[in-house]
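# Commentary on secondary and tertiary structure
Each chain is listed here by its residues.
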Amino acid sequence: PAASTPATDEDDRTEAQMVAEGFTWVDNSGRSLTLSGQINPAFNVVDDGISTDVFIVDNDTSGTRFRLDVDAPLGATTFGATLEVGASPNNSYDVSQLSSQTDADFNVRRAEVTFRNDRYGRLQLGKGSSAADDTAEYDLSLVAGPIMYAGVADIAGGILFTDGADYSDTTVGDAFFDFDGDRLGRIRYDSPMFGPFQGSASYGQDDQWAAAVTLGGDYGDWSGWTVGDFTLLAAASVYNTEDDNVDYAYAASGSFLHDPTGLSLTLSTGGYKLDEGDDPSNFYAKVSWDTAFWLLGPTGFGFDYTKGDNISSEGAEGASFGLAAVQRIDRYGIDLYGQLRWYELDDGADPGLKNITVGTFGTKFTF
């Protein structure tokens, strides 16, 4: 069985992979410029309890983007800069039954400079990941890359729940959230590695601070920490938000891969501690199997479950189940994938909301 590279996040989770597989130019001084990116279109079939509709979307689980990385080594220190722009047509998080075609989402995901020295750590300035970003989404399974990870709403975030006759005001994205940190304008420091551990802290716009510790992650390399037959990857963070009603937020995740069999278990949790009212929270669990049936590349399967409380409204209870499969074609950087997912939401309304079923087929092309 082949261990897989974890998913991108809406994210920056394939940072090391994308640079290694991109197109790189090097000048005489040793400076390098690397172009990389990905395209991830998908075909969604949605049954909302009223009708069944088809949507052609850009998969927000790991949306379309391109990226430029510049590195200038100076002895033991590396100076670098990254510009990453999302270019997501008909984003799956925005598409709904009332708006099947949305404007393209162009956004600057990262615009930062980096100073790194393995003895002293890494310092980043500009827009990029806070220390809490990705800490709810550490995942060693192959299916995490293009389609199945803790952010279960991303593939159908704009779809409205219905009571079987009328549309509600609540979307899948309103009801499901993994409480992962975000990207923002900030200054961030990552400590040197202390064995398999690393600490991170950031401070950014609107006084948003974050602190995190990771196990098995080395400056964005999500390869994990190998102990005997197992590979481990985990993170935990605490941070604040722009919402004055939130005292603080937390997120944690861990993934445990048995290398000989390719079996893995991934867990994630997160939530907000509020000044008043019931605290929203999320729990996620996934069992996966990565194997190699043929020379094309590894094949992955996953089954997951998530439970969210008080996310769309106080007292609301949401649950989601999913089945997914991914086939990677190593030579061309292509993932072919499919998923079947169910969303349930009980918000106390009468009549109750119908379950939503989403079938997805897509391909993620990384260059």
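Data block above holds the structure.
## Brief notes about the nonpolar core
- Within the largest apolar cluster, 29 residues are counted, with the highest numbers of intra-cluster contacts made by Ile147, Ile159, Phe161, Val172, Phe176, Tyr343 and Ile356.
- If near-sequence neighbours (up to four positions away) are discounted, Tyr343 is found in contact with Val152, Ala153, Ile155, Ala156, Phe161, Val172, Phe176, Ala319, Ser320, Asn355, Ile356 and Val358.
- Within the second largest apolar cluster, 11 residues are counted, among which are Ala131, Phe179, Ala212 and Tyr239.

## Comments concerning the pairing of strand β15 (residues 230-239)
- Counting buried residues along β15, 7 of its 10 residues qualify, which places the element largely inside the surrounding structure.
- Bridging between strand β14 (residues 225-227) and β15 involves 3 bridges; their strand directions are antiparallel. By the bridge assignment for β15, Thr226 is matched with Thr231.
- A loop of 2 residues connects β14 with β15, the two strands running antiparallel in sequence, and Gly228 in this loop sits at a positive phi of about 60°.
- Two elements, β15 and strand β16 (residues 246-258), share 10 bridges in a ladder whose sense is antiparallel. Paired with Ala236 across the two strands is Ala252, which belongs to β16.
- Hairpin connection from β15 to β16: 6 residues lie between these consecutive antiparallel strands.

## Overview of the packing of aromatic side chains
- Enumeration according to the criterion identifies 12 aromatic pairs in this entry.
- When the ring of Phe177 is compared with that of Phe179, the centres are 4.7 Å apart and the planes differ by 50°; the resulting orientation is tilted.
- The exposure class of Phe177 is partly exposed, given its relative accessible area of 32%.
- For Phe179, a relative accessible area of 2% translates into the label buried.
- Here the aromatic rings of Trp289 and Phe301 are separated by 5.8 Å at their centres, their planes lie at 20°, and the arrangement is stacked. In this pair, Trp289 sits in strand β18 (residues 281-294) while Phe301 sits in strand β19 (residues 297-309), placing the two residues 12 residues apart along the sequence.
- Its relative accessible area of 32% is what places Phe301 among the partly exposed residues.
- A connected cluster of aromatic rings, assembled from ring pairs, spans Trp289, Phe293, Trp294 and Phe301.

## What to know about the side chain of Ser88
- Here Ser88 shows up in strand β6 (residues 77-88).
- With a relative accessible area of 4%, Ser88 lands in the buried category.
- Setting aside residues no more than four positions away along its own chain, Ser88 makes contact with Asp58, Thr64, Asp103, Ala104 and Asp105.

Rules of the game
- Residues numbered from 1 in each chain as written.
- Predicted model: local features only at pLDDT ≥ 70, side-chain atom pairs only at ≥ 80, totals over all residues.
- Heavy atoms only, no water.
- Core = buried A, V, L, I, M, F, W, Y, C linked by side-chain atoms within 4.5 Å.
- Buried < 20%, exposed > 50% of the residue type's maximum accessible area, 1.4 Å probe, protein only.
- Contact = heavy atoms within 4.5 Å.
- Helix = DSSP H or I, 4+ residues; strand = E, 2+ residues; numbered from the N terminus.
- Pairing = 2+ DSSP bridges.
- Phe/Tyr/Trp six-rings, centres within 6.5 Å; stacked < 30°, edge-to-face > 60°.

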